[in-house]
Amino acid sequence: MRNTVPRLTLKQTVADTLLMCTAFFVTAMIGNAWPFRIIVGLCFLMAIVELFVSAYYAFEDRKHCDVIFCTIMMIVLLTAIVLLYTVKLAKEQYLLWMGVAMASDAFGLIFGRLFGARRAFFSKNISPNKTYAGYIGEFLGSAMAGLIVITILRMPFMNASTLYVYTGFVACVIGDLLGSAAKRELCIKDSDEFMKELPIIGKLEIFVRSRHGFLDCFDSASVALIYFAIITMGCL
């Protein structure tokens with residue numbers, strides 16, 4: 001039977017593309033990346049809230065559960081928030097970072113659905129549905145998106161940005177696997193599983209419902225930001 005891309009995957013890809021185009025437009029109109037940074041920072045914070053609420057319910061239901069990866073993921077998200085507001089990057093670099101991270105997620109999903117016949121053995125205990133084709137898609141998508149952003153914004157080649165374009169997908173994969181490991185030890189499928197029940201925060205979750213929560217949207221981006229900040233500071 002031939003593999004097809006589900007409507008949900010296509011919706012996610014379209015939503016990611018529209019979000020990226022909006023970020024380009026707003027940043028270009030305003031002339032700086034502060035609105036973009038504030039919005040992404042709030043999304044990281046929402047991902048932390050999702051993990052905290054999920055851990056609370058897990059302890060309430062089972063009285064005991066491991067929260068090792070959950071704690072690591074929270075630290076990663078907090079670190080990403082700090083770097084988002086302390087490391088001085090150009091507005092083009094913020095767009096490059098997010099563009100690569102979103103394209104990595106989107107193409108990983110599409111390639112995994114279309115060509116994912118073989119499961120990846122090295123991630124079977126964390127995320128058993130991951131395939132070699134999905135990882136190849138993450139690399140191709142992130143590299144293509146990065147080169148497009150660099151070309152459109154006329155960013156210089158042969159620097160930290162170029163290094164990030166070709167190696168950033170590794171950070172995205174690590175972030176994705178960390179998020180999956182955190183959800184697996186909390187025995188939840190989607191990071192917004194318990195958030196829907198909350199009166200106020202549950203209303204915010206509707207904006208990312210097709211992506212199954214803020215953590216699912218930004219786990220890759222958080223690790224990618226840390227990696228990009230490190231190599232950028234190293235190349236200064």
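It should be noted that the structure appears before, not after, this text.
Residue positions within a chain follow its written sequence, with the count starting from 1. At least 70 in pLDDT is required for a residue's local features to be given in this predicted model, at least 80 for side-chain atom pairs to be given and counted, and no such filter applies to totals for whole chains, interfaces and linings, which use all residues. Excluded from the side-chain calculation are hydrogens and water; included are all heavy atoms of the structure.

This brings us to the packing of aromatic side chains. Any two of the Phe, Tyr and Trp rings considered here, Trp counted by its six-membered ring, make a pair once their centres fall within 6.5 Å; the pair's planes then place it as stacked at under 30 degrees, edge-to-face at over 60, or tilted in between. For the structure on display, the rule yields eight aromatic pairs. Relative to F218, the ring of F44 has its centre 5.9 Å away and its plane inclined at 90 degrees; by these criteria the two rings are edge-to-face. Taken together, the residues span a long stretch of sequence, with F44 in helix α2 (residues 34–62) and F218 in helix α8 (residues 214–235) at a distance of 174 residues. Per-residue accessibility, obtained with a 1.4 Å probe over protein chains only, is compared with the maximum for each type, and a residue is labelled buried under 20%, exposed over 50%, and partly exposed between these values. On the basis of relative accessibility, which here comes to 9%, the residue F218 falls in the buried class. Runs of H or I in DSSP of at least four residues are treated as helices and runs of E of at least two as strands, each being numbered from the N terminus.

Let us look at the nonpolar core. Take the buried Ala, Val, Leu, Ile, Met, Phe, Trp, Tyr and Cys residues and link them wherever side-chain atoms come within 4.5 Å; each set so joined is a nonpolar core. Grouped together as the largest cluster of nonpolar side chains are 55 residues, with contacts concentrated most on F44, L51, L96 and W97. Elements with a minimum of two residues in this core: α2, α3 (68–86), α4 (91–115), α5 (132–152), α6 (160–185) and α8. For this core, the element with the highest residue contribution is α8, accounting for twelve residues. Those residues within four positions of W97 in sequence are excluded, and the remaining contacts are F36, V40, F44, L84, Y164, A221, A224, L225 and F228. Residue contacts are counted whenever heavy atoms from the two residues lie within 4.5 Å of one another.

Relative to the helices and strands, S123 is located in the loop between α4 and α5. Relative accessible area serves as the criterion here: at 0%, S123 is assigned to the buried category. Separated by 54 residues in sequence, S123 and L177 place their C-alpha atoms 7.7 Å apart. Other than its neighbours up to four places away in sequence, S123 contacts P128, K130, Y135 and L177.

Taking 1.5 Å per residue as the helical rise, α3 with its 19 residues ought to reach 27 Å, and the 27 Å between its terminal C-alpha atoms agrees with that figure. Looking at α3, one finds that the buried residues are C70, M73, M74, V76, L77, A80, I81, L83 and L84. Here a helix's expected span is defined as the number of its residues, less one, multiplied by 1.5 Å.

Okay, a nonpolar patch on the surface next. Where nonpolar side chains cluster on the molecular surface, the patch consists of W34, I38, L42, L45 and Y85 and spans about 470 Å² of accessible area. Looking at which element gives the most residues to the nonpolar patch, the answer is α2, with four residues. Within the secondary structure, I38 sits in helix α2. Patch definition: residues with relative accessible area over 30% and no salt bridge; like charges joined within 9 Å; nonpolar side chains (Val, Leu, Ile, Met, Phe, Trp, Tyr) joined within 5 Å. The method behind every accessible area is Shrake-Rupley, applied with a 1.4 Å probe, and residues are considered shielded solely by the protein chains displayed. Here, a salt bridge means any Lys or Arg side-chain nitrogen found within 4 Å of an Asp or Glu carboxyl oxygen.

A rise of 1.5 Å per residue sets the reference length of α6, with its 26 residues, at 38 Å; its end C-alpha atoms lie 35 Å apart and thus fit the reference within 8%. Take the seven residues that end at a residue and the seven that start at it, fit an axis to each, and the angle between those axes is the bend at that residue. The sharpest bend along α6 reaches about 55 degrees and sits at Y166. Burial analysis of α6 places 19 of its 26 residues in the buried class, the great majority of the element.

Applying the stated criterion to the full structure yields two salt bridges. With its nearest N and O atoms 2.7 Å apart, the salt bridge here joins D216 to K183. Highlighted residues: D216 in helix α8 and K183 in helix α6, separated in sequence by 33 residues. Each member of the pair, D216 as well as K183, is classed as buried.

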